[in-house]
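# Architecture at a glance
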Amino acid sequence: MGQLIAVEGLDGAGKNTLVTELVDRWRRDGLRVWTVTFPRYGESVTADLAAEALHGQHGDLRESVYAMALMFALDRADAADEIRAAVAAHDIVLLDRYVASNAAYNAARLSQEADGEMVEWVREVEFHRFRLPVPDHHVLLGVAPEVALDRAARRAATDATRPRDLYERDTDLQLRVDRVYRQLAQSMWMSPWLSTADGDPAELAQRLLDE
Ligand SMILES: Nc1ncnc2c1ncn2[C@@H]1O[C@H](COP(=O)(O)OP(=O)(O)O)[C@@H](O)[C@H]1O
Ligand SMILES: Cc1cn([C@H]2C[C@H](O)[C@@H](COP(=O)(O)OP(=O)(O)O)O2)c(=O)[nH]c1=O
């Protein structure tokens, strides 16, 4: 059985960059590594619909916090068996965003804290009803929100395929998401959380293997 690790953080925090570096490093070391990014755009209709809603389509879908949370959760529910099989066949399964994204973003949308109703609803729906595997570890890539916001804005300016969505353009929302993420990490929500401010892959790769 491999380790299931979820990497979390704000839009533009550098999750994708960090995950790519960790996967390369561990594979060079001979470990069997499998990775998936949520939302699974292009593979999951509900993920695509949610992203389109965040870019202004599908009427008032985006206004419902619970509907948006459910769209992202259904994407994961559909991937549950694949993740379980990957954990059985690999040393490490690395997830770029997972259930905690839904907890942090939707609690933040409702101005709730990590001990509020939304985080509990996400836990109940995703881990209990959808039976998603619980990560062995979470990693919070906790760069300062201003840094993440700046990176997301620069990425949008230089990459025409990555315009900022509704959440990325909402600075107050990102600040509240950051706060909920830190509370989730502090309370070790569902499993131990490792927090890193700079995402040094060498150090993090070792810390995760040492755990
Ligand atoms: N450690 C870093 N230092 C500087 N820029 C970075 C770093 N990590 C990522 N970036 C840049 O910031 C932007 C967002 O990174 P990305 O990995 O796509 O973030 P996320 O997946 O969290 O949205 C990208 O343009 C990336 O090249
Ligand atoms: C995976 C996931 C993402 N989100 C949010 C975080 C992001 O702001 C947004 C889109 O995900 P993101 O990973 O940022 O995709 P991209 O920038 O490539 O479009 O959706 C949730 O609210 N719940 C979830 O379960």
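Rules of the game
Residues numbered from 1 in each chain as written. Chains lettered and ligands numbered in written order. Predicted model: local features only at pLDDT ≥ 70, side-chain atom pairs only at ≥ 80, totals over all residues. Heavy atoms only, no water. Near = heavy atom within 4 Å. Polar contact = N/O pair within 3.5 Å; in protein donor to acceptor, adjacent residues only side chain to side chain. Areas by Shrake-Rupley, 256 points an atom, 1.4 Å probe, with all protein chains shown as cover. Helix = DSSP H or I, 4+ residues; strand = E, 2+ residues; numbered from the N terminus. Nonpolar A, V, L, I, M, F, W, Y, C, P; charged D, E, K, R; others polar. Salt bridge = Lys/Arg side-chain N within 4 Å of Asp/Glu carboxyl O. Buried < 20%, exposed > 50% of the residue type's maximum accessible area, 1.4 Å probe, protein only. Axes fitted to C-alpha atoms, helices over the stretch in contact; angles between N-to-C directions. Left-handed = near helix turned anticlockwise from the far one by under 90°. Contact = heavy atoms within 4.5 Å. UniProt positions renumbered as here; feature names shortened; annotations may be inferred. Expected span 1.5 Å × (residues − 1). Bend = angle between axes of the 7 residues up to and from the residue. Pairing = 2+ DSSP bridges. Core = buried A, V, L, I, M, F, W, Y, C linked by side-chain atoms within 4.5 Å.

With that out of the way, let us pick up the site of ligand 1. In the vicinity of ligand 1, the residues found are Leu 10, Gly 12, Ala 13, Gly 14, Lys 15, Asn 16, Thr 17, Arg 151 and Arg 155. The separation between an oxygen atom of ligand 1 and a polar main-chain atom of Ala 13 is 3.3 Å. In this structure, an oxygen atom belonging to ligand 1 sits 2.6 Å away from a side-chain N or O atom of Thr 17. For ligand 1, whose unbound accessible area comes to 560 Å², protein coverage reaches 62%. If you list the elements that add at least two residues to the shell around ligand 1, you get helix H1 (15-28) and helix H6 (145-158). Examining the composition of the shell around ligand 1, we find that three residues originate from one element, H1, more than from any other. Tallied by class, residues from the shell around ligand 1 come to two nonpolar, four polar and three charged.

Before going further, it helps to examine the pattern of salt bridges. Applying the stated criterion to the full structure yields 14 salt bridges. We note a salt bridge from Glu 120 to Arg 123, for which the minimum N-O separation is 2.6 Å. Remark: Arg 123 and Glu 120 occur in helix H5 (residues 117-129); sequence separation between them is three residues, near one turn of the helix. Residue class for Glu 120 comes out partly exposed when judged on its relative accessible area of 39%. Judged by its relative accessible area of 21%, Arg 123 is partly exposed. In this structure, the salt-bridge partner of Glu 203 is Arg 207, at a minimum N-O distance of 3.7 Å. With a gap of four residues between them, Glu 203 and Arg 207 both fall in helix H8 (residues 201-210), about one helical turn apart. One network of salt bridges, in which partners are shared, links Arg 40, Glu 43, Asp 75, Asp 78 and Glu 82.

This brings us to the packing of helix H2 (residues 45-54) against helix H3 (residues 65-89). At their nearest, the axes of H2 and H3 sit 8 Å apart, and the two run at 150 degrees to each other. Classified by chirality, the crossing of H3 by H2 is left-handed. In this structure, H2 uses Thr 46, Ala 47, Leu 49, Ala 50, Ala 53 and Leu 54 to contact H3, whose residues at the interface are Met 68, Met 71, Phe 72, Leu 74 and Asp 75. The residue inventory of the contact of H2 with H3, partitioned by class, reads nine nonpolar, one polar and one charged.

Another point: the UniProt feature "domain: Thymidylate kinase-like" (unreviewed entry) in the protein chain. The UniProt entry lists residues 7-184 under the feature "domain: Thymidylate kinase-like" (unreviewed entry), expressed in the numbering used here. Taken end to end, residues 7-184 is 57% helix and 10% strand, and its first and last C-alpha atoms sit 13 Å apart.

Here H3 spans 36 Å end to end across 25 residues, near enough to the 36 Å set by a 1.5 Å rise per residue. Of all the bends in H3, the largest measures some 45 degrees and sits at Ala 79.

Counting buried positions along strand E3 (residues 92-96) gives five out of five residues, so the element sits mostly inside the fold. Burial of E3 is two-sided: the residues Ile 92, Leu 94 and Asp 96 facing one way and the residues Val 93 and Leu 95 facing the other way are all buried. Two strands pair when backbone bridges link them, and strand E1 (residues 3-8) and E3 are joined in this way by five bridges, in the parallel orientation. The residue of E3 that forms the bridge with Val 7 is Asp 96. Pairing of strand E2 (residues 33-37) with E3, which is carried by five bridges, proceeds in the parallel orientation.

For the rest of this paragraph, the subject is helix H7 (residues 171-186). With 16 residues, H7 extends 23 Å from end C-alpha to end C-alpha; this agrees with the ideal 22 Å at 1.5 Å per step. Listed in full, the buried residues belonging to H7 are Leu 173, Gln 174, Val 177, Asp 178, Val 180, Tyr 181, Leu 184 and Ala 185. Buried residues along H7 sit against E1, helix H4 (99-109), H5, strand E4 (137-141), H6 and strand E5 (193-196). The N-capping residue of H7, defined by a side-chain oxygen 3.3 Å from the backbone nitrogen of Asp 172, is Asp 170. Of the residues flanking the end of H7, it is Met 188, one or two places downstream, whose phi is positive at about 50 degrees.

The subject of this paragraph is the nonpolar core. Trp 26, Ile 83, Leu 95, Tyr 98, Tyr 181, Leu 184 and Trp 189 are the most contacted members of the largest nonpolar core, which has 63 residues in total. Ranked by the residues each element gives to this core, the list is headed by H3, at nine residues. The contacts of Leu 95, once residues within four sequence positions are left out, are Leu 4, Ile 5, Ala 6, Val 7, Val 36, Phe 38 and Ile 83.

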